[in-house]
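# Summary of the model geometry
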Amino acid sequence: MLLPIITYPNKQLKMRSKEVVNFDELLHRFLDDMYETMISSNGIGLAAIQVANPIRALILCIPDEEGNQSKESTLEIMNPVIHAPQGNVLYQEGCLSVPGFYEDVERYETLTLQYQNRHGDVCMLQASELLAIAIQHEIDHLEGKLFIEKLTYNRRKKFEKEYKKTLKEKK
Ligand code: QAP
Ligand code: CO
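Now for a quick tour of the structure. Note that residues are indexed from 1 along each chain, following the sequence as it is written. Chain A is the first chain written and ligand 1 is the first ligand written, with later ones labelled in order. Predicted model: local features are reported for residues with pLDDT of at least 70 only, side-chain atom pairs are reported and counted for 80 or more only, and whole-chain, interface and lining totals are derived from all residues. The basis for every side-chain value is the complete set of non-hydrogen atoms in the structure, without hydrogens or water.

Further remarks concern the coordination of the cobalt ion (ligand 2). Coordination of the cobalt ion (ligand 2) by the protein is provided by Cys95 (SG), His137 (NE2) and His141 (NE2), with metal-donor distances spanning 2.1 to 2.2 Å. Along the chain, the residues that donate to the cobalt ion (ligand 2) are spaced as C-x41-H-x3-H. With His137 and His141 both in helix 2 (residues 129–142) and four residues apart, this pair spans about one turn of that helix. The burial state of His137 is the same as that of His141; both residues are buried. Sodium, potassium and calcium take a 3.2 Å donor cutoff, other metals 2.8 Å, and in both cases only N, O and S atoms count; water is not among them, so sites may look incomplete. Going along the chain from the N terminus, every DSSP run of H or I of four or more residues is numbered as a helix, and every run of E of two or more is numbered as a strand. Using a 1.4 Å probe on the protein chains alone, a residue whose accessible area is under 20% of its type maximum counts as buried, one over 50% counts as exposed, and one in between counts as partly exposed.

Rendered as structure tokens:
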């Protein structure tokens, strides 16, 4: 089932999401719906709050060399905790909740992630490159933060200008 994605400046995106405690059929169906929603919107990552569910759940699927994003290769991450972040990188990010805007954001280069899978099993993951960046972007959503809040002053002004322009175009 496709879920509607909420977009900036919807205030729900500012909420802090709550721990996942029930790893049941309802969660599994929700994760399946998130995958369908992310793929149909051409996304590589989606946090539960983006479909108006304030729980600490997110999914990620970095496309392989052929551009495929299979369900089997999709990471389903509940209650994530970042350990041992190292280095810094700039990457041009986008977000399904801020459609049409892309800008450079600074992130850690590598990290270790502790999380729970859909069954509640505790897992560890070493991440680098795009996966490490996407993990940080999605965990920010769980804290009610959007990537546009991490922009430098001038890039934030560029966003405000473009956003106001798209508002006018919609009228
Ligand atoms: C987060 O973002 C991310 O504006 C996932 O028109 C982004 O999937 C992590 C998208 C970059 C790491 C690096 C955005 C699709 C998808 C748009 C997305 C759009 C259509 C964004
Ligand atoms: Co996002």
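After presenting the structure, the write-up continues.
Before going further, it helps to spend a moment on the pattern of salt bridges. Put simply, a salt bridge is a Lys or Arg side-chain nitrogen that is within 4 Å of an Asp or Glu carboxyl oxygen. Applying the stated criterion across every chain, the model contains 15 salt bridges. Among the salt bridges present, the one from Glu76 reaches Lys71, with a minimum N-O distance of 3.3 Å. Here Glu103 and Lys158 are joined by a salt bridge, their closest N and O atoms 2.8 Å apart. With Glu103 in strand 4 (residues 103–116) and Lys158 in helix 3 (residues 153–170), the pair connects residues that are 55 residues apart, well separated along the chain. One salt-bridge network, in which partners are shared between bridges, spans Glu103, Asp104, Arg155, Lys158 and Glu162.

This part takes up helix 2. Each helix should span, by expectation, one fewer than its residue count multiplied by 1.5 Å. Under the 1.5 Å per step criterion, the end-to-end length of helix 2 is 21 Å for 14 residues, consistent within 8% with the ideal 20 Å. All of the buried residues along helix 2 are Leu131, Ala132, Ile133, Ala134, Ile135, Gln136, His137, Glu138, Ile139, Asp140, His141 and Leu142. Once helix 2 finishes, Gly144 follows within two positions and takes phi at roughly 80°, a positive value.

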